[in-house]
Amino acid sequence: MIREFHSSDITSIMALWLESTIYGHPFIRESYWRESEAVVRDVYLPAAKTWVWEEDGDVKGFVSVLEERFLGALFVAPNAFNRGVGKALVQCVQQRYNLLSLEVYQKNLTAVNFYHSQGFRIEDSAWQEDTQHPTWIMSWEAG
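To keep things clear, this report deals only with the structure shown in the data block. Because the structure is a prediction, the values reported are computed rather than measured.

1. Some points on the environment of Ser 125
Point 1. Of note, Ser 125 is situated in strand E6 (residues 121-128).
Point 2. Note on Ser 125: relative accessible area 40%, which makes it partly exposed.
Point 3. Put simply, Ser 125 and Ile 137 are 12 residues apart on the chain and 5.5 Å apart in space, counted from C-alpha to C-alpha.
Point 4. Here Ser 125 is in contact with Gln 106, Thr 135, Trp 136 and Ile 137, once residues within four sequence places are set aside.

2. A look at unusual backbone geometry
Point 1. One non-glycine residue, Asp 56, adopts positive backbone phi at about 50°.
Point 2. Tracing the backbone through its elements, the reader meets Asp 56 in the loop between strand E2 (48-55) and strand E3 (58-66).
Point 3. The exposure class of Asp 56 is exposed, given its relative accessible area of 83%.
Point 4. With a phi close to 55°, Glu 67 is a non-glycine residue in the positive phi region.
Point 5. With respect to the helices and strands, Glu 67 occurs in the loop between E3 and strand E4 (70-76).

3. A few points about helix H1 (residues 10-24)
Point 1. Between its first and last C-alpha atoms H1 spans 20 Å; for 15 residues at 1.5 Å apiece the expected length is 21 Å, and the two agree.
Point 2. Taken as a whole, H1 has its buried residues at Ile 13, Met 14, Leu 16, Trp 17, Leu 18, Ser 20 and Thr 21.
Point 3. Buried residues belonging to H1 abut helix H2 (30-47), E2, E3 and E4.

4. A word on the side chain of Thr 135
Point 1. Following the sequence through the fold, Thr 135 ends up in strand E7 (residues 133-141).
Point 2. A relative accessible area of 2% places Thr 135 in the buried class.
Point 3. At a separation of 2.7 Å, a polar atom in the side chain of Thr 135 contacts the side chain of Glu 103.

5. A word on the layout of surface pockets
Point 1. Each pocket or cavity is described by its volume, and for the largest pocket that value is around 1400 Å³.
Point 2. As for the largest pocket, its lining consists of 48 residues, of which His 25, Gly 72, Ala 73, Leu 74 and Phe 75 are closest to the centre.
Point 3. Elements supplying a minimum of two residues to the lining of the largest pocket: H1, H2, E3, E4, helix H3 (85-94), strand E5 (99-105) and helix H4 (109-117).
Point 4. By residue class, the composition of the lining of the largest pocket is 29 nonpolar, 14 polar and 5 charged.

Criteria and cut-off values
Residues numbered from 1 in each chain as written. Predicted model: local features only at pLDDT ≥ 70, side-chain atom pairs only at ≥ 80, totals over all residues. Heavy atoms only, no water. Helix = DSSP H or I, 4+ residues; strand = E, 2+ residues; numbered from the N terminus. Buried < 20%, exposed > 50% of the residue type's maximum accessible area, 1.4 Å probe, protein only. Contact = heavy atoms within 4.5 Å. Expected span 1.5 Å × (residues − 1). Polar contact = N/O pair within 3.5 Å; in protein donor to acceptor, adjacent residues only side chain to side chain. 1 Å grid on protein atoms, 1.4 Å probe; cavity = no way out; pocket = protein on both sides within 12 Å on 5 of 7 lines; lining within 4 Å. Points joined across faces, edges and corners; volume = space filled by probe spheres on them. Nonpolar A, V, L, I, M, F, W, Y, C, P; charged D, E, K, R; others polar.

So, in structure tokens, the structure goes:
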């Protein structure tokens, strides 16, 4: 079910990213995410190591790691929530890296609580000028 990203996945991943990010961030205007599509597709994804969760030919989630340490993306299709997809994807990268950090919006309590359940701890906070919302910087280290 989990496999490495292929370039042919880009359309599916971008559709999943847009749907999931709008769903998970109702406190941020939708147009911000639509305006961010090109940079995600053309800058972040090519720079990252990405794995996808695929079911019956459909991508239901993906995780991306930048610079061997930054969990830059974890997105699960809303119709696949609470089925272990996110947990499996996080465990996939935790098996490959000894130290991971991430940034998550403080208002996204579902994600904050999920990352806590996967062993991530809050290390610091930050402010996102683009969205005018605070984030948590969280990290995990292999034990």
